[in-house]
Amino acid sequence: MTFSVRPARTSDVPAIQRLIEPLVRERILLGKERVVFYEAVQEFRVAEDADGTLIGCGALHVMWEDLGEVRTLAVGSEWLGHGVGHALLNTLEQNARELGLSRLFCLTFEVDFFAGHGFQAMPAEIVDADIYAEIARSTDEGVAEFLDLARVKPNTLGNTRMLKRL
């Protein structure tokens, strides 16, 4: 079973939504409107099989000068255990390094997977007060998750906030 990883294109957005829909129904991933995927398509990397069928996706979202978030990492159920998630995460980490990021954040139920890639549960205070005040102004839900703001709690209960230093 061979696959490759590449940057997403706008034509991939419907397939990305189909791929993550089962995970949204299971409340593993948060659902998003299609327009949000188009707005962030440049952040996504996708995995496709030899026939060009999309089998996995993941995104890297920059949150601050040294901080990014791994978002919407998903693999089709028939491809689980074949290294697709690992290849996507490795690609996103490489992209983060190329951007000059030194830390990656994720909010996940898949603690063992991310721990296997060097992520650790986050301490309560991860940024100093000045930076906290700056990034708290963001309307981005991922930033709210990173800062552990109360407004995201109903959507993220049970998830683990994890961080990796690159």
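Quick caveat, the model's predicted, so the values are computed rather than measured. (Residues numbered from 1 in each chain as written. Predicted model: local features only at pLDDT ≥ 70, side-chain atom pairs only at ≥ 80, totals over all residues. Heavy atoms only, no water.)

Caption draft 1: Examining the overall build of the chain more closely. Assigned secondary structure in the chain consists of 7 helices and 7 strands. Secondary structure elements of the chain occur, N-terminal to C-terminal, as β-α-α-β-β-β-α-β-α-β-α-α-α-β. Per-residue burial for the chain yields a buried fraction of 46% across its 166 residues. In the chain, 68% of the contacts between residues at least 6 apart in sequence involve partners at least 24 apart. (Helix = DSSP H or I, 4+ residues; strand = E, 2+ residues; numbered from the N terminus. Buried < 20%, exposed > 50% of the residue type's maximum accessible area, 1.4 Å probe, protein only. Contact = heavy atoms within 4.5 Å.)

Caption draft 2: Spatial organisation of the side chain of N95. One can find N95 in helix α3 (residues 84-99). Apart from the residues lying within four places of it in its own chain, the contact partners of N95 are R45 and L60.

Caption draft 3: Region of interest: α3. With 16 residues, α3 should cover 22 Å at 1.5 Å per step; its first-to-last C-alpha distance of 23 Å lies within 8% of that length. Residues of α3 that are buried: V84, G85, L88, L89, L92, E93, N95 and A96. Seen from one end, α3 has its buried residues packed into an arc of 165 degrees, which puts them on one side. G100 sits one or two residues past α3 and shows a positive phi near 90 degrees. (Expected span 1.5 Å × (residues − 1). Arc of directions from axis to C-beta.)

Caption draft 4: View of the environment of M162. Along the chain, M162 falls in strand β7 (residues 160-165). Using a relative accessible area of 2% as the deciding quantity, one classes M162 as buried. As a C-alpha pair, M162 and C106 span 56 residues in sequence and 5.3 Å in three-dimensional space. Those residues within four positions of M162 in sequence are excluded, and the remaining contacts are L104, F105, C106, T108, V111, F114, A115, F119, Q120, A121 and M122.

Caption draft 5: Expanded view of the side chain of E93. Mapped onto the secondary structure, E93 falls in helix α3. Classification of E93 by relative accessible area gives buried; the value is 4%.

Caption draft 6: Molecular detail of the pairing of strand β4 (residues 67-75). The element β4 is extensively covered by neighbouring structure, given that 9 of its 9 residues are classed as buried. Where strand β3 (residues 54-64) lies against β4, 7 bridges are found, and the strand directions are antiparallel. Residue pairing in the sheet places W64 in a bridge with L67 of β4. Following β3, the chain reverses through 2 residues before pairing antiparallel with β4. Of the pairings in the sheet, the one linking β4 to strand β5 (residues 103-108) comprises 3 bridges and is parallel in character. Each bridged residue has a counterpart across the sheet, and for G68 the counterpart in β5 is L104. (Pairing = 2+ DSSP bridges.)

Nothing here speaks to function; it is all geometry.
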